[in-house]
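# Understanding the architecture of this molecule
Next come the chains, spelled out residue by residue.
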Amino acid sequence: MARYSSTGSSGNLFAVVVAGLAIALFTIIVMWPNGSAKTIVTKIPDTPLTQTLNDPETYQYLAALHRVKPKVAAKLQAQAETAIESGADKNQLAALVLETYSKDVEDDLKYLFSADVKHFEKMLQLSERGLSTLSSKAPKYCRPAHYERYEHMPPQQIANEVSSLFEYGSEGYDWILRFNVVMLEAIESGRDKPQKYGRLTSGDQMALQTTMMSLMSNPQVSRLMQLQGKSQAEQKRAAMSMNFCGLGADVLAVVNDLPSETKSRMLGELQHQTKSGDFDRMMRMVQSGI
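Residues numbered from 1 in each chain as written. Predicted model: local features only at pLDDT ≥ 70, side-chain atom pairs only at ≥ 80, totals over all residues. Heavy atoms only, no water.

### A few points about the packing of aromatic side chains
- Inspection of every chain in the model, using the stated rule, returns three aromatic pairs.
- Considering the side-chain rings of Tyr 147 and Tyr 150, the 5.8 Å spacing of their centres and the 70 degrees angle between planes classify their relative orientation as edge-to-face.
- A residue is classified by how much of its surface remains accessible, and Tyr 150, at 16% relative accessible area, is buried.
- Ring centres of Trp 175 and Phe 179 lie 5.2 Å apart, and the angle between their planes is 15 degrees; this geometry places the pair in the stacked category. (Phe/Tyr/Trp six-rings, centres within 6.5 Å; stacked < 30°, edge-to-face > 60°. Buried < 20%, exposed > 50% of the residue type's maximum accessible area, 1.4 Å probe, protein only.)

Structure, rendered in structure tokens:
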């Protein structure tokens, strides 16, 4: 995991904000849905896959995939037909559906960052609600201590346990599909009607600084701040029992409360970083755990 350090409190708090956002994205795979957003539904051909997985969430996702990424959708339908002929059950088909687009997301980031800001706001809101619901309904998934037992567990057993969270018809499966629909619509927006956003202004910087300072009153943020200067063992022990879903939801809530214009220029910064190569370098650092 990346480690951040700073001699100033604002730097420490910024690290907390970044950590909270990272946790929100990481824990997205075990979220629960809370309401459904309106989506644009495209009719798709009747296929063995749509006949077998005929629930609304799967259909909406396949429709969005068919409209936005037709080649990917066609490949999925072909793979599913072969799998069905080989005797695949609904859970195996659901796993195939969830894996379909995961490898292509990075290629479409430039479109995602050029989408209308309303799509960005929908993703933030859906993530915030999901984290809040997970925090209250299944808090064990929010505490690092729950995952310690994976350290000595055989890989296949870990895979089986994780996959059980996303079985066909499960809340985890439905949530991921809903989020993916929103993301595909954002990519479609950025591809077909790209927006060019400006860089953050001094006013935006002040708003972000105020937002970060307001997080200092959050109990979990305060607890994290108190760990600064403690030994690594003490920090780990304290973090093991913390509910990071609640922290992530709080971070996302304050970010989403920012004016739409500020969030637009936040996307402008991401556009700039992508163009300059800084975003790719940052992602490589995160992936390598530096």
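### Focus: helix α9 (residues 171–192)
- With 22 residues, α9 extends 32 Å between its outermost C-alpha atoms, agreeing within 8% with the 32 Å of an ideal straight helix rising 1.5 Å per residue.
- With 18 of its 22 residues buried, α9 lies for the most part within the structure. (Helix = DSSP H or I, 4+ residues; strand = E, 2+ residues; numbered from the N terminus. Expected span 1.5 Å × (residues − 1).)

### What to know about the packing of helix α7 (residues 117–137) against helix α13 (residues 244–256)
- In the contact formed by α7 and α13, the axes pass within 8 Å of each other and the chain directions differ by 150 degrees. Comparing their axes, α13 and α7 come out roughly antiparallel. Our pair here, α7 against α13, has a crossing hand that is left-handed. Across the interface between the two elements, Glu 121, Leu 124, Gln 125, Ser 127, Glu 128, Leu 131, Ser 132, Leu 134 and Ser 135 of α7 pack against Cys 245, Gly 246, Gly 248, Ala 249, Leu 252, Ala 253, Val 255 and Asn 256 of α13.
- For the contact of α7 with α13, the class distribution of residues is eight nonpolar, seven polar and two charged. (Axes fitted to C-alpha atoms, helices over the stretch in contact; angles between N-to-C directions. Parallel < 35°, antiparallel > 145°, perpendicular 65-115°, else oblique. Left-handed = near helix turned anticlockwise from the far one by under 90°. Contact = heavy atoms within 4.5 Å. Nonpolar A, V, L, I, M, F, W, Y, C, P; charged D, E, K, R; others polar.)

### A few points about the confidence of the model for the protein chain
- Per-residue confidence for the protein chain averages 81 on the pLDDT scale, and 80% of its residues sit at or above 70.
- Segment residues 1–41 is flagged for pLDDT under 50; beyond a separation of four residues in sequence, or across chains, it makes 73 contacts in the model. (pLDDT = per-residue confidence, 0-100.)

### Details of the state of the cysteines
- For the structure on display, the rule yields one disulfide.
- Disulfide pairing places Cys 142 opposite Cys 245 at an S-S distance of 2.1 Å. Its torsion about the S-S bond being -100 degrees, the disulfide of Cys 142 and Cys 245 is classed as left-handed. Taken together, the residues span a long stretch of sequence, with Cys 142 in the loop between α7 and α8 (155–164) and Cys 245 in helix α13 at a distance of 103 residues.
- With a relative accessible area of 3%, Cys 142 lands in the buried category. (Disulfide = S-S within 2.5 Å.)

### Comments concerning the pattern of salt bridges
- In the structure shown here, the tally under the stated rule is nine salt bridges.
- Across the pair Lys 69 and Asp 108 runs a salt bridge whose closest N-O atoms are separated by 3.0 Å. Of the two residues, Lys 69 sits in the loop between α3 (56–68) and α4 (70–85) while Asp 108 sits in the loop between α5 (90–99) and α6 (109–112), which places them 39 residues apart along the sequence.
- Residue Asp 108 is classed as buried on the basis of its relative accessible area of 5%.
- For Arg 265, the salt bridge is made with Asp 204, and the minimal N-O distance between the two is 2.4 Å. Here the residue Arg 265 occupies a position in helix α14 (residues 260–276), and Asp 204 occupies one in helix α10 (residues 202–214), the gap between them amounting to 61 residues. (Salt bridge = Lys/Arg side-chain N within 4 Å of Asp/Glu carboxyl O.)

### Observations regarding the nonpolar core
- One finds Leu 49, Tyr 61, Leu 65 and Leu 112 to be the most contacted residues of the largest nonpolar core, which totals 36 residues.
- When residues in this core are grouped by element, the largest group, eleven residues, is from α9.
- Non-local contacts of Leu 112, meaning those with residues more than four positions away in its chain, are made with Met 123, Met 183, Ala 186 and Ile 187. (Core = buried A, V, L, I, M, F, W, Y, C linked by side-chain atoms within 4.5 Å.)

### Re α10
- With 13 residues, α10 should reach 18 Å at 1.5 Å per residue; the first-to-last C-alpha distance of 18 Å fits that figure.
- When we look at burial in α10, the residues that qualify are Asp 204, Leu 208, Thr 211 and Met 212. Seen end-on, α10 carries its buried residues on one side only, within an arc spanning 95 degrees. Exposed side chains of α10 directed beyond 90 degrees from the buried face belong to Ser 202, Met 206 and Thr 210. (Arc of directions from axis to C-beta.)

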